[in-house]
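Inside the fold
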Number of protein chains: 2
Amino acid sequence: MEGEHIVKSFDEELSHINNLIAEMGGFAEIQLARAVDALKRRDSELAEQVVRDDRQIDNLEQAIDEVTIRILALRNPVADDLRSVTAALKIASNLERIGDYTKNIAKRTITLSHSHPISGVAASIVRMSALVQDMIKNVLDAYANGDDAKATDVRNRDEEVDQHHTSLFRELLTYMMEDARNITPCTHLLFIAKNVERIGDHVTSIAEQVHFMSTGTKFPTERTKKDEASATVVNPR
Amino acid sequence: MEGEHIVKSFDEELSHINNLIAEMGGFAEIQLARAVDALKRRDSELAEQVVRDDRQIDNLEQAIDEVTIRILALRNPVADDLRSVTAALKIASNLERIGDYTKNIAKRTITLSHSHPISGVAASIVRMSALVQDMIKNVLDAYANGDDAKATDVRNRDEEVDQHHTSLFRELLTYMMEDARNITPCTHLLFIAKNVERIGDHVTSIAEQVHFMSTGTKFPTERTKKDEASATVVNPR
């Protein structure tokens, strides 16, 4: 009975980690949605709230770190369990970064709410972000259910985010060339688009952890990045 | 004797991790120096080599992951040892990101080597990067010697990197406003400067791990970021 009790409590600890990851991921998804909504509506108050609330994501990472380290010390997990625990540590770190990128989107949104609007670009960023938000939702489902097929699907969809980013990069450079007054706001929009693209990379990295947890193997090849922005050149007419 | 043998071998495993971190960090430092040198000399061949060699950093992270997971499974480290092992996992992940940012600097350097030069900016980036390279060197020393004072010093110096980045951000925007042909190259330089600033953040995060390893406590307050670029607005004359 004693042994059984310990086993049950260990399972409870593992499921506690899973719950914390679900909570942290769900909140990261909400924060991104709110940041992009603030951008669309030029709502600096909402953006300020997003900046403030990032602390909650940091606190959740801290809690996950403490639980996992306690499990490693007291339970000495092996095989699948050890993989789950170390994957949780890495996923929490990815979610924390997603929170950081979101906070930066919100900070730049505050700056943008005081400068003149660039028509159409916010809508493009909203579409790109909707894709990434959906990827976050799906990767959290994949994590909760150990669903490798879903994780692989999320990983493949990051290509679309990269393509979106490259075309936004190009578009923003042309706006900057048309009117020097666009340069400052478009620069902040360039970094916002880049932040969304980086969030996509972190979601992909979570998908890779889910794959590792459920199969015990890594993806055989590195994902081909389709983000060509670093090589993009646009010349003035 | 048997017990002693196991203890010795455990120490050897821990020192193997330390050696791998030293190797990975040393190589990350070299890569950054080469990327910035390629930028300064408009040397696309050297930049291409930096892009190719990033794989070596990824392989070292993989090796560190494997050794730490093996130690966690077979040795069940507790207290200080457990802290060292989990810190190594996190530091390896920071160094891998530093490698990624460096690779992106090199990619943009290839693009820049084909566009017209922006005088003076490369020199500013070289100075900013020299500061960050020195921080990498010092944080690796602090890690190797468990030197908390040195780690704290590295963490404090990131403020200077942030200030450097904000002034470069402002400078680049003015170049873009002066001549539309500067817009594409200055945009890549903006992202390069941002990458160096982010590398500084990862070095800071390593310094925080070293502090945690050597004292068992976290820094009481979050570091005040002095990077004002996200809030910077420059208007055309």
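As the structure is a computational prediction, the values presented were derived from the model and not from experiment.

**A word on the overall build of chain A**
Of regular secondary structure, chain A possesses six helices and zero strands. Listed by position from the N terminus, the elements making up chain A come as α-α-α-α-α-α. With the principal axes as the frame, chain A shows a C-alpha extent of 75 × 40 × 20 Å. Here the contacts in chain A between residues at least 6 apart in sequence split such that 83% fall between residues at least 24 apart. Positive and negative charge centroids in chain A, built from 29 and 39 side chains respectively, lie 5 Å apart.

**What to know about the relation of the copies chain A and chain B**
Structural alignment of chain A on chain B gives an RMSD of 0.0 Å, achieved by rotating through 180° and translating 0.0 Å along the axis. As the rotation angle and translation indicate, the two copies are arranged about a two-fold axis. For chain A, the minimum C-alpha distance to the rotation axis belongs to Asn 76 of chain A and amounts to 2.7 Å. A high fraction, 100%, of the interface residues of chain A reappear at the interface in chain B, so the copies pair face to face through one surface.

**Things to note about the packing of helix H4 (residues 121–145) of chain B against helix H6 (residues 183–215) of chain B**
Residue and element names in this part refer to chain B. Two numbers describe how H4 lies on H6: the axes approach to 10 Å, and their chain directions differ by 15°. The orientation of H4 with respect to H6, classified from their angle, is roughly parallel. In the packing of H4 onto H6, the handedness of the crossing is left-handed. Residues of the contact of H4 with H6, tallied by class, amount to 19 nonpolar, three polar and one charged.

**Digging into the UniProt feature "domain: PhoU" (unreviewed entry) in chain A**
All names here are of chain A. Summarizing the sequence annotation, UniProt attributes the feature "domain: PhoU" (unreviewed entry) to residues 21–109 and 125–210 in the numbering used throughout. End C-alpha to end C-alpha, residues 21–109 measures 27 Å, and it is 94% helix and 0% strand. In the segment residues 125–210, helix accounts for 93% and strand for 0%; the C-alpha atoms at its two ends are 27 Å apart.

**Digging into helix H5 (residues 148–178) of chain B**
Spanning 31 residues, H5 of chain B covers 47 Å between terminal C-alpha atoms, matching the ideal 45 Å at 1.5 Å per step. For H5 of chain B, the side-chain oxygen to backbone nitrogen distance between the N-cap and Ala 149 of chain B is 3.2 Å, and the N-cap itself is Asp 147 of chain B.

**Some words on the nonpolar core**
Of all hydrophobic cores here, the largest spans 147 residues; its most connected members are Ile 21, Leu 189 and Ile 199 of chain A together with Ile 21, Leu 189 and Ile 199 of chain B. Excluding residues within four positions of it along the chain, Ile 199 of chain A makes contact with Leu 32, Ile 98, Tyr 101, Thr 102, Ile 105, Val 132 and Ile 136 of chain A.

**Some details on the pattern of salt bridges**
All names here are of chain B. On inspection of all chains with the given rule, the structure shows 30 salt bridges over all chains. Across the salt bridge formed by Asp 53 and Arg 34, the nearest N and O atoms sit 2.8 Å from each other. Taken together, the residues span a long stretch of sequence, with Asp 53 in helix H2 (residues 44–75) and Arg 34 in helix H1 (residues 2–41) at a distance of 19 residues. When sorted by exposure, Asp 53 lands in the same class as Arg 34, which is buried. A salt bridge links Asp 54 to Lys 103, with the nearest nitrogen and oxygen atoms 3.7 Å apart. A residue pair is termed long-range when its members are at least 10 positions apart, and Asp 54 in helix H2 and Lys 103 in helix H3 (residues 79–112) qualify at 49 residues.

**Examining the confidence of the model for chain A**
Summary statistics for chain A give a mean pLDDT of 92 and a share of 95% for residues scoring 70 or more. Taken together, the stretch residues 1–5 of chain A has pLDDT below 50 and engages in zero contacts with residues farther than four places along the chain or on a different chain.

**Topic: the packing of aromatic side chains**
For the structure on display, the rule yields three aromatic pairs over all chains. Their ring planes at 45° and their centres at 6.3 Å tell us that Phe 191 of chain A and Phe 169 of chain B sit as a pair that is tilted. Placement of the pair is Phe 191 of chain A in helix H6 (residues 183–215) and Phe 169 of chain B in helix H5, with the two residues belonging to separate chains. Phe 169 of chain B carries the same exposure label as Phe 191 of chain A, and that label is buried. Each residue in the set Phe 169 and Phe 191 of chain A together with Phe 169 and Phe 191 of chain B is aromatic and connected to the rest through ring pairs, giving one cluster. Seen from the ring of Phe 219 of chain A, Arg 155 of chain A lies directly overhead, with NZ or CZ sitting 3.9 Å from the centre.

**Re H3 of chain B**
Taking 1.5 Å per residue as the helical rise, H3 of chain B with its 34 residues ought to reach 50 Å, and the 49 Å between its terminal C-alpha atoms agrees with that figure. With 25 of its 34 residues buried, H3 of chain B lies for the most part within the structure.

**Focus on the interface of chain A and chain B**
If you look at the interface, chain A gives 46 residues, while chain B gives 46 residues. Among the residues of chain A in contact with chain B, Thr 184, Phe 191 and Ser 230 of chain A are the three that bury the most area, contributing 14% of the side total. Across the chain A-chain B interface, the total number found is two salt bridges. Across the pair Asp 65 of chain A and Lys 90 of chain B runs a salt bridge, and its minimum N-O distance is 2.5 Å. At the junction of chain A and chain B, the tally comes to 11 residue pairs in polar contact (both at pLDDT 80 or more). Contributions of two or more residues to the side of chain A that touches chain B are made by helix H2 (44–75), helix H3 (79–112), helix H5 (148–178) and H6 of chain A. The element best represented in the side of chain A that touches chain B is H3 of chain A, accounting for 11 residues.

Conventions and cut-offs
- Sequence order as written defines residue numbering, which begins from 1 separately in each chain.
- Each chain gets a letter, beginning with A, and each ligand a number, beginning with 1, in the order they are written.
- Local features in a predicted model are, by the rule used here, given only for residues with pLDDT of at least 70; side-chain atom pairs are given and counted only at 80 or more, and totals for whole chains, interfaces and linings are based on all residues.
- No hydrogens and no water enter the side-chain calculation; it runs on all heavy atoms of the structure.
- Comment: elements are numbered from the N terminus, with helices defined as DSSP H or I runs of at least four residues and strands as E runs of at least two.
- Only heavy atoms enter the contact rule, under which two residues are in contact if any of them lie within 4.5 Å.
- The charged-residue count follows a simple rule in which Lys and Arg add positive charge and Asp and Glu add negative charge, with His and chain termini not counted at all.
- Taken as the charge centre is NZ of Lys, CZ of Arg, CG of Asp or CD of Glu, depending on the residue.
- The atoms used to superpose the copies are C-alpha atoms, taken from residues with pLDDT of at least 70 in both, and the fit is least squares.
- Helix axes are fitted to C-alpha atoms over the stretch in contact, other axes to C-alpha atoms as well, and angles between N-to-C directions run from 0 to 180 degrees.
- The cut-offs work like this: below 35 degrees is roughly parallel, past 145 is roughly antiparallel, 65 to 115 is roughly perpendicular, and the gaps in between are oblique.
- The crossing is said to be left-handed when, going from far helix to near helix, the turn is anticlockwise and less than a right angle, and right-handed when the turn is clockwise.
- Classification convention: Asp, Glu, Lys, Arg as charged; Ala, Val, Leu, Ile, Met, Phe, Trp, Tyr, Cys, Pro as nonpolar; all other residues, Gly among them, as polar.
- UniProt positions are given in the numbering used here, feature names are shortened, and annotations may be inferred rather than shown by experiment.
- Here, expected helix span is obtained from the residue count minus one, scaled by 1.5 Å.
- In protein, a polar contact requires one atom able to donate a hydrogen and another able to accept it; more generally it is a pair of N or O atoms within 3.5 Å, and residues adjacent in sequence count only if both atoms are side-chain atoms.
- Buried residues of nine kinds, namely Ala, Val, Leu, Ile, Met, Phe, Trp, Tyr and Cys, make up a nonpolar core once their side-chain atoms join them within 4.5 Å.
- Three labels apply to residues, based on accessible area from a 1.4 Å probe with only protein chains included: buried if under 20% of the type maximum, exposed if over 50%, partly exposed otherwise in between.
- By convention in these notes, a salt bridge is any Lys or Arg side-chain nitrogen within 4 Å of a carboxyl oxygen on Asp or Glu.
- By definition, pLDDT measures how confident the predictor is in each residue, and it falls between 0 and 100.
- A pair of aromatic rings is counted whenever rings of Phe, Tyr or Trp (Trp by its six-membered ring) have centres within 6.5 Å, and the orientation is called stacked for planes under 30 degrees apart, edge-to-face for over 60 and tilted otherwise.
- Here, over-ring charges are defined by two tests on the NZ atom of lysine or the CZ atom of arginine: distance to the ring centre within 6 Å, and angle to the ring normal within 35 degrees.
- Note on terms: buried area is the combined drop in 1.4 Å-probe accessible area of two parts once they are placed together, counting the loss on both.

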